[in-house]
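Chain by chain, the residues run as shown.
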Amino acid sequence: MADHDEPQVPELHGRLTGVAGRIDVAELEQARATVDGVVGRRRARKRVGATLGAAAVIATATTVVLTLGGGGPDTIVTTDDTMTTNPVPDHSLAGSDPTVDRPAAAEPIEVRAGGSRAGSVAGVSGAPQYGEWIVPWDDGFLVGSTSYPLQPLPAELPEEVIALFPQEVIDLFGGDLPDTIAEATDRLSETGLLEVVSDIIQENPAAYDAIYGAEVEALTFDVRYTVDGAVWEPREFVAPAGATYLSSVAAVGDRLAVVYGVVDPLTGMPVDGTITVATTSDLSTWTEQDIVVPSSGELPEGINRMVSAQDLAANDNGWVLPVYDSIDADPFSLLPQDVRDEIDAANGLGMGTSDTGVTVEYDFDADGNNPAVTRTFTWDELGVSPETAQLLLDQDDSSTVWAASWDGEPVLSQAPRAGGLVVATPAGFVQWTDQTWFSPDGVDWSSSPLPDGAAWVSDAFDIDGGLVVMSSTESGTTLVHRVDERGADAVLLDVPQIDTNSIVGDGSFSASSASGAIVTASPPVPSEQLLSVEVDGYRLSVRQPGGIFEVTDLATDEVIVSESLVRPGGDGGSLIIDDAGITVTDLTTGEVLVVFSQEVLDASESEFLDGGGGEYLPDFWLLASVDGERFVIDDLDDPTDGPTSMATNGTVLLLQSGNNWIVYDLD
Amino acid sequence: MTGVDAVPIDPGELAPLPLPLPFDEFFATHHAEMVRALTLAVGDVELGRDAAAEGFARALERWSGVSGYANPSGWVYRVGLNWARSGRRRLRRERTGLRLDDSEAPELTPHDAALVSALGRLSIEHRTVVVGRYYLDWSESQLAEALDVAPGTVKSRLNRALSKLASLMEEPHGRP
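Residues numbered from 1 in each chain as written. Chains lettered and ligands numbered in written order. Predicted model: local features only at pLDDT ≥ 70, side-chain atom pairs only at ≥ 80, totals over all residues. Heavy atoms only, no water.

Draft legend 1. Seen up close, the overall build of chain A. When its secondary structure is counted, chain A shows 13 helices and 43 strands. Within chain A, the proportion of its 667 residues that are buried is 50%. Sequence separation of at least 24 residues holds for 53% of the intrachain contacts in chain A that already meet a minimum separation of 6. Of the roughly 29900 Å² of accessible surface on chain A, a fraction of 49% belongs to carbon and sulfur atoms. (Helix = DSSP H or I, 4+ residues; strand = E, 2+ residues; numbered from the N terminus. Buried < 20%, exposed > 50% of the residue type's maximum accessible area, 1.4 Å probe, protein only. Contact = heavy atoms within 4.5 Å. Areas by Shrake-Rupley, 256 points an atom, 1.4 Å probe, with all protein chains shown as cover.)

In structure tokens:
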């Protein structure tokens, strides 16, 4: 049972369970044999050897030549035309990488490394546990999140419902039910009774209705204010009528703007195609601007329209907002009731949609094969119009961009690409596709080239007089530019701390006044961590990049084999991987030089994994600036989660990363 | 202790220590859910099965210790995840979503496909907590213990994951 203190995704448990239930698991005996095999030999599956090969399959080089004892070199030399499908970041300077196509001249920047000061710990001394949104406000910051009330339990349950549960469950609560379902869930879980109770509730609608029937208090918004990230105070916040979730929040001066759509409290589905942009200066009285997205007409039951919007870009004059309109449908619910009942009573269900309609197969045999029934229902029979059917088939979604001045009516924007990153500046709005686009009012747009060398823009943040724009070249090299308020006059910046293969932001904070972005650098796994074993005077290791296997003669420290396991045309190398492990042969004589047994390889892997290795630990960095010349660059301490909220008020940047609210002085 | 009279305990009144759960019984009970949970978390049917096998294998090797944990399946879950993301495996391109082009992937309705697609767009850290909380039905404290992280970390990841999942499931497919 869900904890209603968390954001809600309707029916998530049931849906996940439904999806999971369709995942085929091997018969128990077969699965156990697999496990025993892994334990017994640590090479139970051929794909273990293939995995080792697969680890090197990222390289597509061919390697030949082993000439031990002859007149040639005692090494195998790799012709290393590697192209990794999943490149391992190389922390060397960009200039040493021949694949880097970064434009040459870059303006140096002034960097202040680190620079954070003590903020606060989430949940302590008034600091919010979690911020869904954060905006600059009143010389400080406003942080808000939706507070979901816990689902209450009724004070007592009908006798006939109580009788459904085993005595040990009844005894657990002793006639005194907890106040909330969450509390009951915890107690049932602790005593191992949760599953039996869940099954009973699922199988007995009367029990479900009785237990979940208590009225839930309305959700509220938890809004807090801080000027320095250390001291917090609650702020009264009265949401606009009908707003239960704010999909985007932005602040411009003393104007706070929020975006929402009214949803059905029972289903979580939008009630219509209206998106509202509401603004306030006192956090309680609102001026609303409605975007009414035209619909294709009444939809049959089981087909829902999903209209949503986020990433509001706003300046002193108005706003731009991408809106998404899609169809969500469960074809099963379109079927006639008697067919649904028949399917529910039968064994298994297969379902598909086509231009014709919905086809179902059900009543499978005990092995899950050979459906006894296959039927097709045309769209017309199901009461679905051709237009709606096409939407269902295409999973096609319309996206539109809307714009308005603060006191005007929202209109459709002529933005070039609905849904692309849009950033507001004092001069207007900037968006990027394969070109840079600018609009003074959000309605009409003009284009200019992307910053020199950029193939696509991944993130941007506002600075005085313009933007800092992060992009990638065709080959994936990271670029950072400073541009003006129209997105033009780009100046390439030299930010040496940014790894050439870093992932530079994803626009997560672009809707707010950020003055910063998060750069993710995945640290490369040192080659010795992948494999490094020594047997009989030889060491086997993997060299990166390229996943090249190397065998080193420990006596001479010479690399005598350097080989990729991917050899177009098949065999020919000196390394053989099979159930025995990795065998190294002298191709000239056929002599086996050394065998790295599977036991040895497994021990190396175990040592690595047992030592905590193999964990994916992305490396998050903050890149922030107010002028595009002096930057704060900081390696964030929480390497796993990354920041979840960030905003600046022009001189101070506040971000939440993990459990900490961290403050940076940018001025 | 002062002021308290010690009460002698009749050894016969002591409840017998529970016998360790046999591995066979543990495996039979949890095998299917672990395969499914790891498949959902790593986003690949084949990889999920392998990760489950590796997790159970390591549990078997250490059963005398693992059997004493409050939630041995939590240990299997974590080890399976770590293995799936280990040095060799992570050199494979990470899949997003269950591999619908895989003959072994389950047949999904469009409704479920939307959920799977949204799940695939979460980070693996977020999928891990969503699966642990909403498929395995672990409490936040159980999940924290299973993943060896602080309860606060679980809570913040869950909040973030669910917010993103909720918004992704309202979005059109293919939004950049």
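Okay, back to it.
Draft legend 2. Geometry of the overall build of chain B. Helix and strand counts for chain B come out as eight helices and zero strands. Put simply, chain B runs from its N terminus to its C terminus through helices and strands in the order α-α-α-α-α-α-α-α. Within chain B, the proportion of its 176 residues that are buried is 61%. Contacts in chain B between residues far apart in sequence, at least 24 positions, make up 69% of those at least 6 positions apart. Summed over all atoms, the accessible surface of chain B reaches about 7500 Å², with 53% contributed by carbon and sulfur.

Draft legend 3. Highlighting the pairing of strand β8 (residues 220–226) of chain A. Residue and element names in this part refer to chain A. Pairing analysis gives seven bridges linking strand β7 (residues 140–147) to β8, with the strands arranged antiparallel. The residue bridging Thr 146 from the neighbouring strand is Phe 221, located in β8. Hairpin connection of β8 to strand β9 (residues 232–234): five residues between the antiparallel strands, including Gly 229 at a positive phi of 75 degrees. (Pairing = 2+ DSSP bridges.)

Draft legend 4. Highlighting the sheet that holds strand β10 (residues 248–252) of chain A. Residue and element names in this part refer to chain A. Strand order in this open sheet of four strands is β10-β11-β12-β13, and the pairing throughout is antiparallel. Of all the strands in the sheet, just β10 and β13 (287–292) have a single pairing partner and so form its edges. Strand-to-strand twist in this sheet, taken as the mean axis angle between neighbours without regard to direction, amounts to 15 degrees. With five bridges connecting them, β10 and strand β11 (residues 255–260) associate as antiparallel partners. In the sheet register, Val 249 faces β11, and the bridge partner there is Val 258. (Axes fitted to C-alpha atoms, helices over the stretch in contact; angles between N-to-C directions.)

Draft legend 5. View of the packing of aromatic side chains. This structure, assessed with the given rule, holds 13 aromatic pairs over all chains. Both rings, one in Phe 23 of chain B and one in Phe 26 of chain B, keep their centres 6.2 Å apart while their planes meet at 50 degrees; by these two values the pair is tilted. Residue Phe 23 of chain B and its partner Phe 26 of chain B are located together in helix α1 (residues 23–42), separated by three residues, close to a single helical turn. In this structure, Phe 23 of chain B and Phe 26 of chain B share a single accessibility class: buried. The ring of Phe 27 of chain B carries the charged tip of Arg 32 of chain A above its face, separated from the ring centre by 6.0 Å. (Phe/Tyr/Trp six-rings, centres within 6.5 Å; stacked < 30°, edge-to-face > 60°. Lys NZ or Arg CZ within 6 Å of the ring centre and 35° of its normal.)

Draft legend 6. Quick look at the confidence of the model for chain A. All names here are of chain A. Per-residue confidence for chain A gives a mean pLDDT of 77; residues scoring 70 or more make up 76%. The low-confidence segment residues 1–5, where pLDDT is below 50, has 22 contacts with residues more than four positions distant or belonging to other chains. Long-range and interchain partners of residues 41–100, a stretch whose pLDDT sits below 50, account for 141 contacts in this model, where long-range means more than four residues apart. (pLDDT = per-residue confidence, 0-100.)

Draft legend 7. Quick look at the packing of helix α7 (residues 140–147) of chain B against helix α8 (residues 151–168) of chain B. All names here are of chain B. For the pair α7 and α8, interaxial distance at closest approach is 8 Å and the crossing angle is 110 degrees. Classed by the angle they form, the pair α7 and α8 counts as roughly perpendicular. Contacts from Glu 140, Leu 143 and Ala 144 of α7 reach α8 at Pro 151, Val 154, Lys 155 and Leu 158. Grouping the constituent residues of the contact of α7 with α8 by class yields five nonpolar, no polar and two charged. (Parallel < 35°, antiparallel > 145°, perpendicular 65-115°, else oblique. Nonpolar A, V, L, I, M, F, W, Y, C, P; charged D, E, K, R; others polar.)

Draft legend 8. Examining the nonpolar core more closely. One finds Leu 12 and Leu 16 of chain A together with Leu 40, Phe 56, Tyr 77, Val 130 and Leu 165 of chain B to be the most contacted residues of the largest nonpolar core, which totals 61 residues. Of all the elements, α1 of chain B adds the most residues to this core, at 10 residues. The residues touching Leu 12 of chain A, leaving out its near neighbours within four places in the chain, are Leu 115, Val 130, Tyr 134, Leu 162 and Leu 165 of chain B. Counting residues in hydrophobic clusters, the runner-up holds 19 residues, among them Ile 303, Ile 327, Phe 332 and Trp 379 of chain A. (Core = buried A, V, L, I, M, F, W, Y, C linked by side-chain atoms within 4.5 Å.)

Draft legend 9. Structural view of the sheet that holds strand β37 (residues 581–585) of chain A. Residue and element names in this part refer to chain A. Ordered by their spatial adjacency, three strands build an open sheet running β36-β37-β38, and the pairing between neighbours is antiparallel. The sheet terminates laterally at β36 (575–578) and β38 (592–597), the two strands that pair on one side only. Across the sheet, the mean angle separating the axes of adjacent strands is 15 degrees when strand polarity is ignored. Bridge analysis of β37 against β38 gives five bridges, and the strand direction is antiparallel. The partner of Gly 581 across the bridge, within β38, is Ser 597.

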